[in-house]
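# Notes for the structure review
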Amino acid sequence: MKTKDNVQKTILRSVAVVVSFVLISLTVSGQDFWKKLLENSSFNKIALAMIETPKATETSGSTTENFNFTLLENENDPTLELENWMFDENHFRVAGFGYTLENDNDLGIEEWMLNGDLFLVNEDVETSLELEAWMTSEKVWEI
(Lines give C-alpha, C1' and ligand atoms only; values in the text may rest on other atoms or scores of the structure.)
Protein backbone atom coordinates (compact mmCIF):
# COMPACT_ATOMS: atom_id res chain seq x y z
CA MET A 1 0.00 0.00 0.00
CA LYS A 2 2.82 2.38 0.85
CA THR A 3 4.56 1.68 -2.48
CA LYS A 4 1.32 2.35 -4.34
CA ASP A 5 0.93 5.72 -2.60
CA ASN A 6 4.53 6.68 -3.39
CA VAL A 7 4.09 5.75 -7.05
CA GLN A 8 0.90 7.79 -7.29
CA LYS A 9 2.59 10.79 -5.67
CA THR A 10 5.54 10.52 -8.05
CA ILE A 11 3.26 10.28 -11.09
CA LEU A 12 1.20 13.27 -9.94
CA ARG A 13 4.33 15.36 -9.36
CA SER A 14 5.75 14.51 -12.77
CA VAL A 15 2.43 15.33 -14.46
CA ALA A 16 2.36 18.65 -12.61
CA VAL A 17 5.90 19.45 -13.76
CA VAL A 18 5.05 18.58 -17.39
CA VAL A 19 1.88 20.68 -17.30
CA SER A 20 3.76 23.64 -15.80
CA PHE A 21 6.43 23.38 -18.52
CA VAL A 22 3.73 23.34 -21.21
CA LEU A 23 1.99 26.36 -19.70
CA ILE A 24 5.23 28.27 -19.33
CA SER A 25 6.27 27.47 -22.90
CA LEU A 26 2.89 28.67 -24.19
CA THR A 27 3.08 31.96 -22.32
CA VAL A 28 6.71 32.54 -23.23
CA SER A 29 6.20 31.68 -26.88
CA GLY A 30 3.77 34.57 -27.13
CA GLN A 31 6.66 36.87 -26.32
CA ASP A 32 8.97 35.38 -28.97
CA PHE A 33 11.29 34.12 -26.26
CA TRP A 34 12.23 30.92 -28.03
CA LYS A 35 13.01 32.80 -31.24
CA LYS A 36 15.32 35.22 -29.41
CA LEU A 37 16.93 32.38 -27.49
CA LEU A 38 17.67 30.40 -30.66
CA GLU A 39 18.99 33.48 -32.46
CA ASN A 40 21.60 34.07 -29.77
CA SER A 41 22.62 30.46 -29.22
CA SER A 42 25.12 28.30 -31.03
CA PHE A 43 22.36 25.82 -31.96
CA ASN A 44 21.06 28.29 -34.50
CA LYS A 45 24.46 28.53 -36.18
CA ILE A 46 24.80 24.75 -36.28
CA ALA A 47 21.31 24.34 -37.72
CA LEU A 48 21.98 26.95 -40.40
CA ALA A 49 25.26 25.27 -41.32
CA MET A 50 23.59 21.87 -41.70
CA ILE A 51 20.84 23.14 -43.99
CA GLU A 52 21.71 23.38 -47.67
CA THR A 53 21.70 26.88 -48.93
CA PRO A 54 19.16 27.29 -51.74
CA LYS A 55 20.53 27.85 -55.19
CA ALA A 56 20.45 31.41 -56.32
CA THR A 57 17.63 32.07 -58.72
CA GLU A 58 18.12 34.35 -61.64
CA THR A 59 16.21 37.59 -61.43
CA SER A 60 14.60 39.02 -64.48
CA GLY A 61 15.10 42.61 -65.43
CA SER A 62 17.84 45.00 -64.52
CA THR A 63 19.17 45.23 -61.00
CA THR A 64 18.58 48.97 -60.79
CA GLU A 65 14.81 48.48 -60.68
CA ASN A 66 15.03 47.08 -57.16
CA PHE A 67 17.03 49.94 -55.69
CA ASN A 68 15.38 52.73 -53.79
CA PHE A 69 17.32 55.91 -54.40
CA THR A 70 16.95 58.42 -51.62
CA LEU A 71 18.72 61.69 -51.29
CA LEU A 72 20.27 62.19 -47.87
CA GLU A 73 20.45 65.77 -46.65
CA ASN A 74 21.72 67.26 -43.43
CA GLU A 75 18.87 68.85 -41.54
CA ASN A 76 19.49 71.93 -39.43
CA ASP A 77 17.23 73.72 -37.02
CA PRO A 78 16.88 77.46 -37.48
CA THR A 79 19.04 79.53 -35.15
CA LEU A 80 17.36 80.77 -31.99
CA GLU A 81 17.02 84.48 -31.41
CA LEU A 82 16.79 86.23 -28.05
CA GLU A 83 13.72 88.37 -27.53
CA ASN A 84 13.07 91.22 -25.09
CA TRP A 85 10.76 89.24 -22.81
CA MET A 86 13.58 86.80 -22.17
CA PHE A 87 15.52 89.52 -20.35
CA ASP A 88 12.58 90.74 -18.23
CA GLU A 89 13.10 89.75 -14.58
CA ASN A 90 9.35 89.79 -13.90
CA HIS A 91 8.95 86.60 -15.92
CA PHE A 92 11.60 84.72 -13.98
CA ARG A 93 11.04 85.55 -10.32
CA VAL A 94 12.20 83.01 -7.82
CA ALA A 95 9.54 82.09 -5.27
CA GLY A 96 10.65 83.77 -2.07
CA PHE A 97 10.41 81.91 1.19
CA GLY A 98 10.21 84.02 4.33
CA TYR A 99 12.71 82.57 6.73
CA THR A 100 14.77 84.00 9.51
CA LEU A 101 18.02 82.73 10.83
CA GLU A 102 17.68 81.30 14.32
CA ASN A 103 20.61 80.77 16.64
CA ASP A 104 20.45 78.67 19.77
CA ASN A 105 22.40 79.54 22.86
CA ASP A 106 25.36 77.36 23.68
CA LEU A 107 24.53 74.50 25.98
CA GLY A 108 26.17 74.44 29.37
CA ILE A 109 26.06 72.51 32.62
CA GLU A 110 23.87 74.07 35.28
CA GLU A 111 23.93 73.41 39.02
CA TRP A 112 20.67 71.44 39.12
CA MET A 113 22.16 68.99 36.62
CA LEU A 114 24.86 68.03 39.08
CA ASN A 115 22.46 67.54 42.01
CA GLY A 116 22.11 63.76 42.53
CA ASP A 117 19.04 64.14 44.75
CA LEU A 118 16.93 65.24 41.81
CA PHE A 119 17.47 62.01 39.89
CA LEU A 120 16.03 58.70 41.00
CA VAL A 121 18.69 56.06 40.61
CA ASN A 122 17.16 52.60 40.69
CA GLU A 123 19.76 49.93 41.07
CA ASP A 124 18.20 46.55 40.44
CA VAL A 125 19.75 43.87 42.55
CA GLU A 126 19.13 40.34 41.38
CA THR A 127 18.56 37.67 43.93
CA SER A 128 20.65 34.57 43.80
CA LEU A 129 19.16 31.56 42.09
CA GLU A 130 17.94 28.68 44.20
CA LEU A 131 17.27 25.08 43.30
CA GLU A 132 13.71 23.95 43.74
CA ALA A 133 12.46 20.42 44.17
CA TRP A 134 10.92 20.05 40.74
CA MET A 135 14.22 20.99 39.06
CA THR A 136 15.87 17.84 40.35
CA SER A 137 12.86 15.55 40.27
CA GLU A 138 13.28 12.39 38.18
CA LYS A 139 9.54 12.25 37.53
CA VAL A 140 9.54 15.63 35.80
CA TRP A 141 12.59 14.96 33.65
CA GLU A 142 12.08 11.20 33.18
CA ILE A 143 15.71 10.37 33.85
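What counts, and at which threshold
Residues numbered from 1 in each chain as written. Predicted model: local features only at pLDDT ≥ 70, side-chain atom pairs only at ≥ 80, totals over all residues. Heavy atoms only, no water. Helix = DSSP H or I, 4+ residues; strand = E, 2+ residues; numbered from the N terminus. Buried < 20%, exposed > 50% of the residue type's maximum accessible area, 1.4 Å probe, protein only. pLDDT = per-residue confidence, 0-100.

Our focus in this paragraph is the overall build of the protein. A tally of helices and strands in the protein yields five helices and zero strands. Ordered by position from the N terminus, the helices and strands of the protein form the series α-α-α-α-α. When the 143 residues of the protein are sorted by exposure, 1% land in the buried category.

Looking now at the confidence of the model for the protein. Residues of the protein with pLDDT of at least 70 account for 68%, and the chain-wide mean is 77. The spread of mean pLDDT over the elements of the protein runs between helix α2 (residues 33-39), the lowest at 65, and helix α4 (residues 111-114), the highest at 89.

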